[in-house]
Amino acid sequence: MPETIDMGFIIAATLAAFLVGLSKGGLSMVGMLGVPVLALTMPPLQATALLAPIYVASDMVGVYLYRHRFSGRNLAILIPAAGLGIGVGWATASIADARMVTLLIGLIGLVFCVDMFLKRKRTVPPRPADVPRGVVWGAVIGFTSFVSHAGAPPFQVYVLPQRLEKTVFAGTTTITFAAVNAMKLVPYTALGQFTLRNLEFAAMLLPVALFGTVAGWWLVRRLPERGFYLFVQATLFLVSLKLVADALFS
């Protein structure tokens, strides 16, 4: 958190907290914009640390809202695998190149979106969840989420082809990342990313994030199925494009 708090910082922090809340309500990709927005007013690593408690608190509400709507098979595969990826990220925290990870995940997202676009007029059957691919993508989710907070694109690459019903997709996303964020608390604390001042300010932003969570849940329930998935795919493309730009030009 910056030494002096000005109006620009307050606006950016409030918007970032709302975006995080929306993502926990089911609009998953929107949450990736939280850190970049807050990073306009403070170093990215500090922005990450400030938003981490808001992610965790919003996760609790999101899990409650989607407690009956999720894919149990996906959770059983992805969460343990993500834990493995987080462990690798923690072990390699001092040598992992976050820019290269960001670039790779952005490129994977772009390739996936282009492939989906080319297949849009073809009838492609849903691809069910499977253990080999799920373990690989789950580990990638955990690692990239730990290193660069970019776990959403690999999640979408694995789960979107399954064509889950929209609320099941949203619930699976919310619960998966609730578990991922909870698992990251221990290594983040060990690496000294939390301060009392950050926690106090995060508590002030919590009502905004919780409002965003309920708003996201409301929107997901009212968006038509096709409109919801078009939104997810378009956001994935834009976020992936931004990840590539950040890695190449920042």
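This one's a predicted model, so the numbers in the text were calculated from it and none came from an experiment.

Draft legend 1. Summary view of the overall build of the protein chain. Broken down by element type, the protein chain carries 10 helices and 0 strands. Its C-alpha atoms give the protein chain a radius of gyration of 17 Å, within 12% of the compact-globule value 18 Å for 250 residues. Seen through its C-alpha atoms, the protein chain measures out along the principal axes to roughly 55 × 40 × 35 Å. Burial statistics for the protein chain: of 250 residues in total, 50% are counted as buried. For the protein chain, restricting intrachain contacts to residue pairs at least 6 apart in sequence, the fraction spanning at least 24 positions comes to 86%. Looking at the protein chain as shown, the accessible area adds up to about 11,700 Å², and 73% of this sits on carbon and sulfur atoms. Each charge class in the protein chain was averaged separately, 19 positive and 10 negative side chains, and the resulting centres sit 13 Å apart.

Draft legend 2. Here's a closer look at the packing of aromatic side chains. Under the defined criterion, the tally for this structure stands at 5 aromatic pairs. Centre to centre, the rings of phenylalanine 169 and phenylalanine 228 are 6.0 Å apart; their planes meet at 75°, and the pair counts as edge-to-face. With phenylalanine 169 in helix α8 (residues 166-190) and phenylalanine 228 in helix α10 (residues 225-249), this pair connects stretches of sequence that are 59 residues apart. Among the residues examined, phenylalanine 169 registers a relative accessible area of 0% and is labelled buried.

Draft legend 3. Structural view of the packing of helix α1 (residues 7-24) against helix α9 (residues 196-222). Across the interface, α1 lies against α9 with an axial gap of 6 Å and an inter-helix angle of 40°. It follows from the interaxial angle that α1 and α9 lie oblique. When the axes of α1 and α9 are compared, the crossing they make is right-handed. Within the contact between the two elements, α1 uses Phe9, Ala13, Thr14, Ala17, Phe18, Gly21, Leu22 and Lys24 and α9 uses Phe201, Leu205, Val208, Ala209, Phe211, Gly212, Thr213, Ala215 and Gly216. In terms of residue class, the contact of α1 with α9 is built from 11 nonpolar, 5 polar and 1 charged.

Conventions and cut-offs
Residues numbered from 1 in each chain as written. Predicted model: local features only at pLDDT ≥ 70, side-chain atom pairs only at ≥ 80, totals over all residues. Heavy atoms only, no water. Helix = DSSP H or I, 4+ residues; strand = E, 2+ residues; numbered from the N terminus. Rg over C-alpha atoms; globule rule 2.2 N^0.38 Å. Buried < 20%, exposed > 50% of the residue type's maximum accessible area, 1.4 Å probe, protein only. Contact = heavy atoms within 4.5 Å. Areas by Shrake-Rupley, 256 points an atom, 1.4 Å probe, with all protein chains shown as cover. Lys, Arg positive; Asp, Glu negative; His and termini not counted. Charge placed at Lys NZ, Arg CZ, Asp CG, Glu CD. Phe/Tyr/Trp six-rings, centres within 6.5 Å; stacked < 30°, edge-to-face > 60°. Axes fitted to C-alpha atoms, helices over the stretch in contact; angles between N-to-C directions. Parallel < 35°, antiparallel > 145°, perpendicular 65-115°, else oblique. Left-handed = near helix turned anticlockwise from the far one by under 90°. Nonpolar A, V, L, I, M, F, W, Y, C, P; charged D, E, K, R; others polar.

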